[in-house]
Amino acid sequence: MELKFLGGCREVGRSSVLLNTGKEKFLMDYGIEVQDGGRPLQPPLDLDGVFITHAHIDHSGFVPALYSQGYQGRVFATPATFDISHMLLEDSLKVQRKRGMESGFTSQDIQRMGRKEKIMNFRDPQEIGSSTAELFSAGHVPGAASVSIESRGKKVYYTGDLKFVPTDLMFGADDSVRDVDLLISESTYSYKEHPDRKTLKEKLISIIEETCHNDGITLLPAFAVGRTQELLVMLKNIGFPIYVDGMGIRAATRILSHPKSFACPGELSESFHNSHRIRKQPDREEALKGPCVIITTSGMMQGGPVSFYVERLAKRKNCSMVLTGFMVEGTPGRHLLETGIYKNDQMKMEIRPEFPIHSFDFSAHTDRKHLIDFYKKVNPEKIFLVHGDRAQEFAKELNDKGFDAVAPKNGDIFQV
Ligand SMILES: [Zn+2]
Ligand SMILES: [Zn+2]
């Protein structure tokens, strides 16, 4: 067997791993960099299948380019992942065009991909040539899966993005896989434990209540897929108006059409329908009257309506903002956290908001403790750490604990 790491090594973004079983070649994820559209390395096109673990573009964002280059084979994922991917891919294409970037594929290629989609459900093994593939629920966002591929007596397990602890929106990941020989694991939070989610939720609610009682607005920049819906469920009894702006609205509609892909369809449906969905500029002006909560894209503050709100609320000290997700290095969200200045080159904006800015670690990724617990349960022969800025340190630490772990570089090949 041979593994080649095409992207997402020692970084978060452009995830992609090529597995050559000796009989078949499979590509697991083919994403782009979140902040600048950076691409993974080129795989061969005589693939026997492409798996998309989940819809986030750092995992799915360059799959249509394979079809543009002439790949004609199948792509495998859960129904929710396919549905949400199409929305995110079209959006990513639009954003790249707007920024004058070369996207590497067109809308037609997304449709071409659509015609080659093969739906897989969790725990329903599929034979592909001499290999058997199976998806396990990964907990991260609706539809998210880990991929198991068994071939010639060896099992490879690629986690994709993982979350074991259940959230207001999601079930925890399925950790029942065993007899794994090669484990390829995300390591976003290999260096820390997440604080108790219930305490964070209480703090978030008290910030919102205080802000609204002072006639202010709490701004919640959120990823369209996952976090927007989780916040809606979390804040369902807040007692102040909730406005939702940006792609999170369409994402909620798509997610609600896959009620088995998350834990609380009834609650999300109720909270979403009770919220004010912003469609046009006059709706935004209405929201700005407050007091209220505004949940808006984009999560890392690169684009979307969030810049508009930051600009308009910047001088209102009675407002507040809470960042609730992972901020990739180089994004305006990360810069704001580190400096207090919102600098968005795309929008030609540089503002120091006067309202307080909080950051709460409501991560959709598993933390270090749960990663290590998982490795103990699975007890793989070898662990490859990807999708993390600190994968090398973590590999060293795991080796000291008796595991055989490595943090590959992009382009590395391992014969096993
Ligand atoms: Zn993700
Ligand atoms: Zn990711």
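A quick note: this is a predicted structure, and the numbers were derived from the prediction, not measured. All chains use their own residue numbering, which begins from 1 and follows the written sequence. A letter from A marks each chain and a number from 1 marks each ligand, given out in the order of writing. Local features in this predicted model are restricted to residues whose pLDDT is 70 or higher, and side-chain atom pairs enter the listing and the counts only when it is 80 or higher, whereas totals over whole chains, interfaces and linings include all residues. Hydrogens and water molecules were not included; the side-chain quantities draw on all heavy atoms of the structure.

Colleague: Describe the coordination of the zinc ion (ligand 2), with residues and values.
Modeller: Note on the zinc ion (ligand 2): its protein donors are Asp58 (OD), His59 (NE2), Asp161 (OD) and His387 (NE2). The metal-donor distances range over 2.2 Å. Sites may look incomplete, because water is not among the atoms used; the donor set itself consists of N, O and S atoms within 2.8 Å of the metal (3.2 Å for Na, K and Ca). Here the metal geometry follows the donor angles, with tetrahedral for four donors whose angles all fall between 85 and 135 degrees, square planar for four and octahedral for six when opposite donors are more than 155 degrees apart and every other angle is between 65 and 115, and irregular for all the rest. Around the zinc ion (ligand 2), the four donor atoms sit at angles spanning 89 to 164 degrees, and that spread fits a shape best called irregular. In this structure, the zinc ion (ligand 2) lies 3.4 Å from the zinc ion (ligand 1), and both are coordinated by Asp161. Remark: His387 occurs in the loop between strand E20 (382-386) and helix H13 (391-400) and Asp161 occurs in the loop between strand E10 (154-158) and strand E11 (182-186); sequence separation between them is 226 residues. The helix count covers DSSP runs of H or I at least four residues long, the strand count covers runs of E at least two residues long, and both are numbered beginning at the N terminus.

Colleague: I'd like a description of the pattern of salt bridges, backed by residues and values.
Modeller: By salt bridge we mean one thing: a side-chain nitrogen of Lys or Arg within 4 Å of a carboxyl oxygen of Asp or Glu. As enumerated under the stated definition, the model contains 28 salt bridges in all. With a closest N to O distance of 3.6 Å, Lys315 and Glu354 form a salt bridge. Of this pair, Lys315 sits in the loop between helix H10 (306-313) and strand E16 (320-323) while Glu354 sits in the loop between strand E18 (349-351) and strand E19 (357-359), placing them 39 residues apart in sequence. In this structure, Arg368 engages Glu397 in a salt bridge whose closest nitrogen and oxygen atoms are separated by 2.6 Å. On the criterion of sequence distance, the pair formed by Arg368 in helix H12 (residues 368-378) and Glu397 in helix H13 is long-range, its members being 29 residues apart. Each member of the salt-bridge network shares a partner with another, and the members are Glu11, Arg14 and Glu33.

Colleague: Could you give an account of the packing of aromatic side chains, naming the residues involved and the relevant values?
Modeller: The aromatic pairing rule takes the rings of Phe, Tyr and Trp, using the six-membered ring of Trp, and pairs them if the centres are within 6.5 Å, calling planes under 30 degrees apart stacked, those over 60 edge-to-face and the rest tilted. Here the structure, examined in full by the defined rule, presents 18 aromatic pairs. Ring centres 5.0 Å apart and planes at 70 degrees place the aromatic pair Phe384 and Phe414 in the edge-to-face group. Remark: Phe414 occurs in strand E22 (residues 413-415) and Phe384 occurs in strand E20; sequence separation between them is 30 residues. Judged by its relative accessible area of 0%, Phe384 falls in the buried class. Through successive ring pairs, a cluster of aromatic residues spans Phe136, Tyr157, Phe164, Phe374, Tyr375, Phe394 and Phe403. Geometrically, a charge over a ring is one whose NZ (Lys) or CZ (Arg) sits within 6 Å of the ring centre while staying within 35 degrees of the ring normal. Between the NZ or CZ atom of Arg277 and the centre of the ring of Phe272, over which it lies, the distance is 4.9 Å. Per-residue accessibility, obtained with a 1.4 Å probe over protein chains only, is compared with the maximum for each type, and a residue is labelled buried under 20%, exposed over 50%, and partly exposed between these values.

Everything listed is a geometric property; what it means functionally is a separate question.
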